[in-house]
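Below are the chains, spelled out letter by letter.
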Amino acid sequence: APQMAGVLGYLIAILDAFLVTGFNQRSVTSITVESNIATITTSTAHGYEIGTVVALSGANEGVFNDDFEILTIPTTTSFTVGVVTALTAATGTLICKVAPLGWEKTFSGTNKAVYRSLDVTTNQFYLRVDDTNTLYAAVTMYETMSNVDTGTGASTTKYWKKSTVANTTAMPWHSIGNKKVFYFFSDWHASYPFQPSGYCFGWFPSFRSGDGFNTMLIGHDNSIPSGQYQGNDFSLFGSAQTEGLLIARSYSQLGSSISFYKLPGIGNHNYMGFDNSFPFPNPVDNGIHLFPVYIYETSNVLRGKMPGIFIPNEYTNGRSEERRVGKECRSRW
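Quick summary incoming for the structure in this document.

The rules behind these values
- Residues numbered from 1 in each chain as written.
- Predicted model: local features only at pLDDT ≥ 70, side-chain atom pairs only at ≥ 80, totals over all residues.
- Heavy atoms only, no water.
- Pairing = 2+ DSSP bridges.
- Helix = DSSP H or I, 4+ residues; strand = E, 2+ residues; numbered from the N terminus.
- Salt bridge = Lys/Arg side-chain N within 4 Å of Asp/Glu carboxyl O.
- Buried < 20%, exposed > 50% of the residue type's maximum accessible area, 1.4 Å probe, protein only.
- Axes fitted to C-alpha atoms, helices over the stretch in contact; angles between N-to-C directions.
- Contact = heavy atoms within 4.5 Å.
- Core = buried A, V, L, I, M, F, W, Y, C linked by side-chain atoms within 4.5 Å.

A word on the pairing of strand β1 (residues 23-34). Where β1 lies against strand β7 (residues 92-98), 4 bridges are found, and the strand directions are antiparallel. Bridged to Arg26 within β7 is Cys96. Bridge analysis of β1 against strand β2 (residues 37-42) gives 6 bridges, and the strand direction is antiparallel. Opposite Ile31, over in β2, you have Ile40 as the bridge partner. Hairpin connection, β1 to β2: the antiparallel pair is bridged by 2 residues, and Ser35 has positive phi, about 55 degrees.

The next subject is the pattern of salt bridges. It is possible for side chains bearing opposite charge to pair when their charged atoms get close. Under the criterion given, the structure shown has 9 salt bridges. The salt bridge involving Lys162 is made with Asp131; its shortest N-O contact spans 2.6 Å. Of this pair, Lys162 sits in the loop between β14 (158-161) and β15 (173-177) while Asp131 sits in the loop between β10 (126-130) and β11 (136-142), and the two are 31 residues apart along the sequence. The same class applies to Lys162 as to Asp131, namely buried. Note that Asp221 is salt-bridged to Lys158, the shortest N-O span being 2.5 Å. Of this pair, Asp221 sits in the loop between β18 (215-218) and β19 (245-247) while Lys158 sits in strand β14, and the two are 63 residues apart along the sequence. The class for Asp221 is partly exposed, based on a relative accessible area of 29%. Assessed through its relative accessible area of 8%, Lys158 is described here as buried. Through salt bridges that share partners, Lys112, Arg128 and Asp149 make up one connected network.

Turning our attention to the sheet that holds strand β9 (residues 112-117). If you walk across this open sheet you meet the 5 strands as β8-β9-β10-β11-β14, and the pairing is antiparallel. Edge strands, defined here as strands with exactly one partner in the open sheet, are β8 (103-109) and β14. Taking each pair of neighbouring strands and ignoring which way they run, the sheet shows an average axis angle of 25 degrees. Here β11 pairs with β14 via 4 bridges, running antiparallel. Paired with Ala137 across the strands is Trp160, a residue of β14. Strands in contact with helix α1 (residues 10-21) are β8, β9, β10, β11 and β14; relative to β9, the strand with the most contacts, it is inclined by about 25 degrees.

Further remarks concern unusual backbone geometry. Even without a glycine there, the phi angle at Gln253 is positive, about 70 degrees. Locating Gln253 in the fold gives a position in the loop between β19 and β20 (258-264). The phi torsion at Asn286 lies on the positive side, around 55 degrees, for a residue other than glycine. Tracing the sequence through the fold places Asn286 in the loop between β20 and β21 (290-297). The class of Asn286 is exposed, set by a relative accessible area of 61%.

So, on to the nonpolar core. Among soluble globular proteins, nonpolar side chains are generally buried collectively. In terms of nonpolar packing, the biggest core is built from 29 residues, with Val129, Trp160 and Phe182 touching the most fellow members. Mapped onto this core, the elements with two or more residues apiece are α1, β9, β10, β11, β16 (181-186) and β17 (197-203). With 6 residues, the top contributor of residues to this core is α1. When near neighbours in sequence (up to four residues on either side) are disregarded, Val129 contacts Leu11, Ile12, Leu15, Asn111, Lys112, Ala113, Tyr115, Ala137, Ala138 and Val139. One finds Phe23, Ile31, Ala59 and Phe68 within the second-largest nonpolar core, a separate group that totals 21 residues.

Judged by pairing direction, the sheet is antiparallel, and its 8 strands sit side by side in the order β15-β16-β17-β18-β19-β20-β21-β22 without closing on themselves. On the outer flanks of this sheet lie β15 and β22 (301-312), each paired with one strand and no other. Between one strand axis and the next, the sheet turns through 25 degrees on average, direction left out of account. Two strands pair when backbone bridges link them, and β17 and β18 are joined in this way by 4 bridges, in the antiparallel orientation. Along β18, the bridge assignment pairs Phe201 with Leu217. Together, β15 and β16 form the strand contacts of α1, whose direction differs from that of β16 by roughly 140 degrees.

Structure (structure tokens):
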């Protein structure tokens, strides 16, 4: 995958690969099928994980030219996926790669880019990324755009951090998403390893029927945030904060972008995954119970839910359990 570092354009390279083109391409030497399970063998070690969605192409048999979720990884040069065919093998010049999410790059310039979901059931609003600074990218949500610098319905600008130092030292990142929305996690601060800031752009399920503005943007309010989280990290944060959180418009469908809170389930609404009212594990069933995260407009209404995000509200071991559950659930939404 592309690296992230304090270099101009690095974030755009990541977004191109993750959203539009895919990455980590490998040549496929064979595809065999038994009992609707295809085993794909690559010419070199593929580096994929269980749950990764891969795009296969180049097969003479069209059933193989699709996106598939990896079920198992028998060896470093093979993986399995489920298929609907009884064929025993594929032919052609076969390749595989980590599948892109299915977005488009509508406009581009020097270290600038504009992205949009191809899913017509979303608002199909635009994300403009200005990656002309080494340490961060300036991101803005637009309702329409005519070129990389011009559009209407612009939100206030937020910031996605890449690093604290302008050099090529790689900083960890990961991203999760689908055709409608994506989350981007950046371990941009070397002094706080494994504590990424969580950013987001895209559609969310709204409680309003026919909502034409249920698109959100999450980033830092400042290009040099005073802390690691600035109220928008997904591992543990003060949900009473609205820093960096925007919806395209309010539920009234009028005006411009507005701020929102992230409201986690039940219990203590000041923090996610941090409530001393509920022990872990739950003594009734020895279990962990996950709650959706609601989008709460500053006008005191529940607008919708954060797609794919579920939070444990217990106090003991809340952070580590939340991270573990989040990792296990990320390919299931």
